Structure formats: C-alpha cells, structure tokens
Amino acid sequence: MAADIFDSMPRFCQRRLGADEAVVVPRDPSSLDLGRFDLIWVGSLLSHLDAPAWKTLLRFLRRSVAAQGLAIFTTHGQSVVGEGLRTGENTLRFSGNELDQVLRDYDETGFAYGSTGTDDLGDCFASPEWIAAEVRDAGWRIVIFSEAAWLGQDLVAVA
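Structural notes, computed from the coordinates. Note that the coordinates shown come from a computational prediction; the quantities given were computed from them, not determined experimentally.

What counts, and where the lines are drawn
- Residues numbered from 1 in each chain as written.
- Predicted model: local features only at pLDDT ≥ 70, side-chain atom pairs only at ≥ 80, totals over all residues.
- Heavy atoms only, no water.
- Buried < 20%, exposed > 50% of the residue type's maximum accessible area, 1.4 Å probe, protein only.
- Helix = DSSP H or I, 4+ residues; strand = E, 2+ residues; numbered from the N terminus.
- Phe/Tyr/Trp six-rings, centres within 6.5 Å; stacked < 30°, edge-to-face > 60°.
- Lys NZ or Arg CZ within 6 Å of the ring centre and 35° of its normal.
- Salt bridge = Lys/Arg side-chain N within 4 Å of Asp/Glu carboxyl O.
- Pairing = 2+ DSSP bridges.
- Right-handed = clockwise from strand over helix to strand, strands pointing away.
- Core = buried A, V, L, I, M, F, W, Y, C linked by side-chain atoms within 4.5 Å.
- Contact = heavy atoms within 4.5 Å.
- Polar contact = N/O pair within 3.5 Å; in protein donor to acceptor, adjacent residues only side chain to side chain.
- 1 Å grid on protein atoms, 1.4 Å probe; cavity = no way out; pocket = protein on both sides within 12 Å on 5 of 7 lines; lining within 4 Å.
- Points joined across faces, edges and corners; volume = space filled by probe spheres on them.
- Nonpolar A, V, L, I, M, F, W, Y, C, P; charged D, E, K, R; others polar.

**Notes on helix H5 (residues 128-137)**
One turn of the α-helix equals 3.6 residues, which is why residues spaced by three or four share an orientation.
Okay, so step 1: Within the span of H5, buried status applies to Pro128, Trp130, Ile131, Ala132, Glu134 and Val135.
Okay, so step 2: Count one or two residues on from H5 and you reach Gly139, which has phi positive near 90 degrees.

Set out below in structure tokens:
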C-alpha cells in the first residue's frame, strides 16, 4: 500500500512501484484505519509538521503497526540545525526574524517549527531528546536512531 497526504504521490507509487493500493491520508488521520502492517515507512513527513501533528501521526502509526512491527520515520535534526541553519549554509526557507525564532525555539525546547505558507506545512527541527519523549508518550520505544542517515534527515525506527 502507498499512502500520502498529497493525492498524486500514492498513485505514482502504485504505477511505478507496483503498490497494490493508493490511499490519500487526511491531514488528521485519527479516525482512519488502514489495517495493520509489519513495516511502515514515513519519509520526510514529520520534518514538515508542527508538534500537535506529530502527536496525532505517531498515535496513528502506533495503531497501524502490527504487534511485532516496525515504523521508520525521518525528520530534520540537530545536524540540519547545526550544519545548515546556524551556519547560514542552508536556511531552508527561513530568513531574518523567522530563522532567529526557529533557532530560539529549538535551543529552548528541542523542537522548532516554522510555517512555509504552503499546504499548511512548514519545516520542523527535533532534537533526539524531544523525539525520544514524543515516541515514549505515543507508546513506542526507539530501536534505531541514526543522525543524518536519509537525505540529511535523522532516521528513527520505533517498535
């Protein structure tokens, strides 16, 4: 199965990768039941969600993983903050006061989100400690945490 919040992506996976089903997931998947899966891959979605949406998505994933299953997700982490935002090498779409606020939030709480003004999404940055707390709150445990392992994003596997 291929699922995404943008309707063209699941269809692309169905056509090009042979996914048996293409599903568009609503922004709030709280009432959605897609079944149970042994493995769920979520690439570069949590890196664009605010903190409340993280909570919702982690709980949705928890309901969607089989008892002995695994969910893997990626997010912008401390390497993106340190090697991109702080140095100015890659500030994504932030400048001036926006960038200052994102860095302040990250330094104070371990999490920062800034809207990009497109599709109700933005960019977020999550420290390993912040991620660990959210994962625990959602009923998971981290089995793998690998910094900057996927296209510069941190990779987190939870069970």
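**Some points on the packing of aromatic side chains**
By convention here, two paired aromatic rings are described through the distance between centres and the angle between planes.
Okay, so step 1: Within the structure shown, the criterion is met by six aromatic pairs.
Okay, so step 2: An aromatic cluster is present here, built from Trp54, Phe73, Phe111 and Trp130 joined pairwise through their rings.
Okay, so step 3: One residue, Arg62, lies across the ring of Trp140, its end atom 5.5 Å from the ring centre.

**Some remarks on the pattern of salt bridges**
Okay, so step 1: In the structure shown here, the tally under the stated rule is four salt bridges.
Okay, so step 2: With a shortest N-O distance of 2.9 Å, Glu134 and Lys55 are connected by a salt bridge. Residue Glu134 is located in helix H5, and its partner Lys55 is located in helix H2 (residues 51-64); the two are separated by 79 residues in the primary sequence.
Okay, so step 3: When its relative accessible area of 8% is taken as the criterion, Glu134 is described as buried.
Okay, so step 4: Since its relative accessible area comes to 34%, Lys55 is described here as partly exposed.
Okay, so step 5: A salt bridge links Asp123 to Arg93; the nearest nitrogen and oxygen atoms lie 2.8 Å apart.

**Comments concerning the pairing of strand S3 (residues 37-42)**
Okay, so step 1: In this structure, S3 lies alongside strand S4 (residues 65-75), joined through five bridges in parallel fashion. Looking at the pairing, Ile40 lines up with Ala71 of S4.
Okay, so step 2: In this region the chain leaves S3, passes through H2 and returns to the parallel neighbour S4; the handedness of that crossover is right-handed.

**A few points about the nonpolar core**
Okay, so step 1: Core analysis: the largest hydrophobic core is formed by 24 residues, its most contacted members being Trp54, Phe73, Ile131 and Trp140.
Okay, so step 2: Here this core takes five residues from H2, the largest share from any one element.
Okay, so step 3: Not counting the four nearest positions on each side in its chain, Trp54 is found in contact with Leu46, Leu49, Phe73, Thr75, Phe111, Cys124, Ala126, Trp130 and Ile131.
Okay, so step 4: Grouped together as the second largest cluster of nonpolar side chains are 10 residues, Val81, Leu85, Val102 and Ala112 included.

**Description of the side chain of Thr74**
Okay, so step 1: Relative to the elements of secondary structure, Thr74 occurs in strand S4.
Okay, so step 2: In this structure the side chain of Thr74 is engaged in a polar contact, spanning 2.9 Å, whose partner is the side chain of Gln153.
Okay, so step 3: Among residues more than four places away in sequence, those in contact with Thr74 are Trp41, Val42, Gly43, Ser44, Leu46, Ser47, Trp150, Gln153, Asp154 and Leu155.

**Details of the layout of surface pockets**
Okay, so step 1: Here the largest pocket is characterised by a volume of approximately 1000 Å³.
Okay, so step 2: In terms of lining, the largest pocket is formed by 38 residues, of which the most central are Ala3, Asp4, Ile5, Val42 and Leu45.
Okay, so step 3: Where the lining of the largest pocket is concerned, the elements lending two or more residues are strand S1 (2-4), helix H1 (8-17), S3 and H2.
Okay, so step 4: No other element matches the six residues that H2 contributes to the lining of the largest pocket.
Okay, so step 5: Its residues placed into classes, the lining of the largest pocket shows 29 nonpolar, five polar and four charged.

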